[in-house]
Amino acid sequence: MIYYKTKIDGWFWILIFVITFTLLMVCSISEDGWSWPGIVVICVFLLIVLLLIWIIITVKYAIRGAELGVRNLAYKWEWFPIKKIESIKPVKSVLAGAALSFNRLSIKFTDHKVLLSTMPLEIAPKDQNKFINDLKSVNPQIKVLNLNNN
């Protein structure tokens, strides 16, 4: 099995920092300075942020034989048949998906029953060229669209 890490854009870490900093500022504002309820709220929030970071950075992709695996949000693996991939297209997207980068690969399947949707699968492996080449080694019929535009 070959594993691929997800690409994580800087916006994600900036968002986590801004949320944490804002909460720290809001909770620290009181007439008497720091208060125990404020400290408890901050600790609970920081634990939640750490949990979210752990869940999100565990997004992974894998190729296992003739299947493409996506592990999203520390959930179980979902497996898709590589032989049913019609095309791969680099896109810039903010749609919800198993990716923490706006620079993604949009994977279209020949059979809409694979995803139970007409929408493509959008993922963001760190090394997109290697990922595409590994998929094409399993299914040489995959069309790669607009690779030079990204």
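Observations concerning the side chain of Asp134
As for its position among the elements, Asp134 is in helix α3 (residues 128-138). Of the polar contacts made by the side chain of Asp134, one reaches the side chain of Lys130; its length is 2.8 Å. Setting aside residues up to four positions removed in sequence, Asp134 forms contacts with Ile2, Tyr4 and Ile63.

Side note on the sheet that holds strand β3 (residues 67-71)
One open sheet holds the 4 strands; their spatial order is β1-β2-β3-β4, and the pairing between them is antiparallel. With partners counted over all chains shown, the strands left at the sheet margins are β1 (2-5) and β4 (77-81), one partner each. The average undirected angle you get between the axes of adjacent strands in this sheet is 20°. As defined by bridge partners, β3 adjoins β4 across 5 bridges and the pair is classed as antiparallel.

Structural notes on the confidence of the model for the chain
Averaged over all residues, the pLDDT of the chain is 82; the fraction at 70 or higher stands at 86%. Within the chain, no element has a lower average pLDDT than helix α1 (residues 10-28), which sits at 76, and none a higher one than α3, at 95.

Some details on the sheet that holds strand β6 (residues 103-109)
The strands making up a sheet are joined through hydrogen bonds of the backbone, oriented either antiparallel or parallel. With mixed pairing, 4 strands are arranged side by side in an open sheet as β7-β6-β5-β8. The strands lining the two open edges of the sheet, one partner per strand, are β7 (121-123) and β8 (143-144). Sheet topology places strand β5 (residues 85-92) next to β6; 7 bridges connect them, and they run antiparallel. Of the residues in β6, the one forming a bridge with Ser87 is Lys108. Each of β5, β6, β7 and β8 touches α3; the most contacted strand, β6, lies at about 15° to it.

Each value, and the rule that gives it
Residues numbered from 1 in each chain as written. Predicted model: local features only at pLDDT ≥ 70, side-chain atom pairs only at ≥ 80, totals over all residues. Heavy atoms only, no water. Helix = DSSP H or I, 4+ residues; strand = E, 2+ residues; numbered from the N terminus. Polar contact = N/O pair within 3.5 Å; in protein donor to acceptor, adjacent residues only side chain to side chain. Contact = heavy atoms within 4.5 Å. Pairing = 2+ DSSP bridges. Axes fitted to C-alpha atoms, helices over the stretch in contact; angles between N-to-C directions. pLDDT = per-residue confidence, 0-100.

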